[in-house]
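Listed below, chain by chain, are the residues.
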Amino acid sequence: MEQHSYDVVIVGGGAAGLSAALVLGRARRRVAVVDAGAPRNAPAAHMQGFLSRDGMPPADFLEVAREEVTGYGVEIIHGAVTRIEPGFVVHHASGERLAARRILLTTGVSDDLPAIPGVRERWGRDLLHCPYCHGWEVRDQPLGVLGTHPGAVVHAQLIRQWSDDVVFFAHTGDVSGPERAQLEARGIRVIDGEVVGLVVDDDDDLAGVELADGRVIARAAVFIRPRNVPHPDGLLDGLGVDVDAGGFAVVDRDGNTSTSGVWAAGNVVDPRASVVAAAGAAATAAMAINADLVQDDLQRALRTA
């Protein structure tokens, strides 16, 4: 079984992982980025909120980023990491093993979507999550917010910023009296009844939301606040990394985790982080990793001397 050695192995090749790789590559570190090829924003047509890259398709962004980092000698290894041994040995799905002095986890997050027909198919198109990513594109249109999460009412108040025509679909949840008063105070109608599907027109655009009683409420886009799960399952636990109540890595301001030699950045730390925020956090972590390696290099030199 072949094994290669690196200063840093970065697990996850999205904006965060590639941003860190750029910093470390320019620092003349030997770096490998292992990427399973399933970015969270892949269904989205465009990426917003990244200065100088606003409106760029996510796939195009990743293509440019990969070209930049490989120009500094960074290796991109496609496929999944199955486990990481303490020490560190990274096991790749192909059977290849990568020895690393340091690990950076930028594995992102998975969105746990409700089992409603059409939701998965419309995800990232007109069934949306982040208003900062998609709100401008659907501004002033009839919008809906699907109540599938305890924070959905607060999410509806946020969506109201982009349109005067917002409805809240209670779905199977309960909307308390104070919550109804808050929604109605800002002109957000509450639609009671279970949502059973999304209605799409002949142009493959969202036309409305169907309820169990047969009503169809016309909407141009619907927002949800899904439950987020760190990706992939088990990787943080396997390294003994402390996590918060949601299962996300707990880090210091430099991205250092509770496990020596392991850093984390991006959505695996904060599921709310935008692309630019994830990239920035990873760049900070990369500088901290390099500084840590410099100290390690110094100690090795002193022992040799």
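Structural notes, computed from the coordinates. Counting starts from 1 at the beginning of each chain's written sequence and moves along it residue by residue. Since the coordinates come from a predicted model, pLDDT governs what is reported: local features require at least 70, and pairs of side-chain atoms require 80 or more to be given and counted, while whole-chain, interface and lining totals use all residues. With hydrogens and water stripped out, all remaining heavy atoms of the structure feed into the side-chain values.

**What about the sheet that holds strand β11 (residues 189–192)?**
Two strands in a sheet stick together by hydrogen bonds in their backbones, pointing the same way (parallel) or opposite ways (antiparallel). With respect to topology, five strands assemble into an open sheet ordered β8-β15-β9-β10-β11, the strand pairing being parallel. For this open sheet the edge positions go to β8 (127–128) and β11, each flanked by a neighbour on one side alone. At least two DSSP bridges between two strands are required for those strands to pair. Strands are runs of DSSP state E lasting at least two residues, helices are runs of H or I lasting at least four, and both sets are numbered from the N terminus onward. In the sheet, strand β9 (residues 143–146) pairs with strand β15 (residues 221–224) via four bridges, with the strands oriented parallel. Directly across from V145, in β15, lies its bridge partner F223. Helix-sheet contacts for helix α5 (residues 152–159) involve β9, β10 (166–171) and β15, and the interaxial angle to β9 is about 165°. We call two residues in contact when some of their heavy atoms are within 4.5 Å. Orientation is described by axes fitted as lines to C-alpha atoms, over the contacting stretch for helices, and by angles from 0 to 180 degrees between their N-to-C directions.

**A short note on the pairing of strand β12 (residues 195–200)**
Sheet topology places β12 next to strand β13 (residues 206–211); five bridges connect them, and they run antiparallel. Note that in β13 the partner of V195 across the bridge is L211. In this antiparallel pair of consecutive strands, β12 and β13, the connection spans five residues, and D204 shows a positive phi of 65°.

**A look at the packing of helix α1 (residues 15–26) against helix α2 (residues 58–70)**
For any two helices packed against each other, one specifies the crossing angle of their axes together with the interaxial distance. Relative orientation of the contacting elements α1 and α2 amounts to 20°, with a least axis distance of 9 Å. By the angle class used here, α1 and α2 are roughly parallel. In this structure, α1 meets α2 at a crossing whose hand is left-handed. In this structure, α1 uses A15, L18, A21 and L22 to contact α2, whose residues at the interface are F61, L62, A65, R66, E68 and V69. Residues are grouped as follows: Ala, Val, Leu, Ile, Met, Phe, Trp, Tyr, Cys and Pro are nonpolar; Asp, Glu, Lys and Arg are charged; every other residue, Gly included, is polar. Class assignment for the residues of the contact of α1 with α2 results in eight nonpolar, no polar and two charged. Working rule for angles: under 35 degrees goes down as roughly parallel, over 145 as roughly antiparallel, 65 to 115 as roughly perpendicular, anything else as oblique. When the near helix sits turned anticlockwise from the far one by under a right angle, the crossing is termed left-handed; a clockwise turn instead gives a right-handed crossing.

**Focus on the nonpolar core**
Membership of the largest hydrophobic core comes to 29 residues, with the highest contact counts inside it found for I10, A21, L24, F61, L104 and I289. Residue assignment for this core shows that the elements contributing at least two residues are β1 (3–11), α1, β2 (31–35), α2 and α8 (275–304). The element contributing the most residues to this core is α8, with eight residues. Those residues in contact with I10 that sit more than four places away from it in its chain are G17, A20, A21, L24, V31, A32, V33, V34, L104 and T106. For the purposes of this section, nonpolar cores are sets of buried Ala, Val, Leu, Ile, Met, Phe, Trp, Tyr and Cys residues that join through side-chain atoms within 4.5 Å. Any residue under 20% of the maximum accessible area for its type is buried, any over 50% is exposed, and the rest in between are partly exposed; the area is computed with a 1.4 Å probe on protein chains only. Judged by nonpolar contacts, the second largest core, of 22 residues, contains Y6, A32, A100 and L105.

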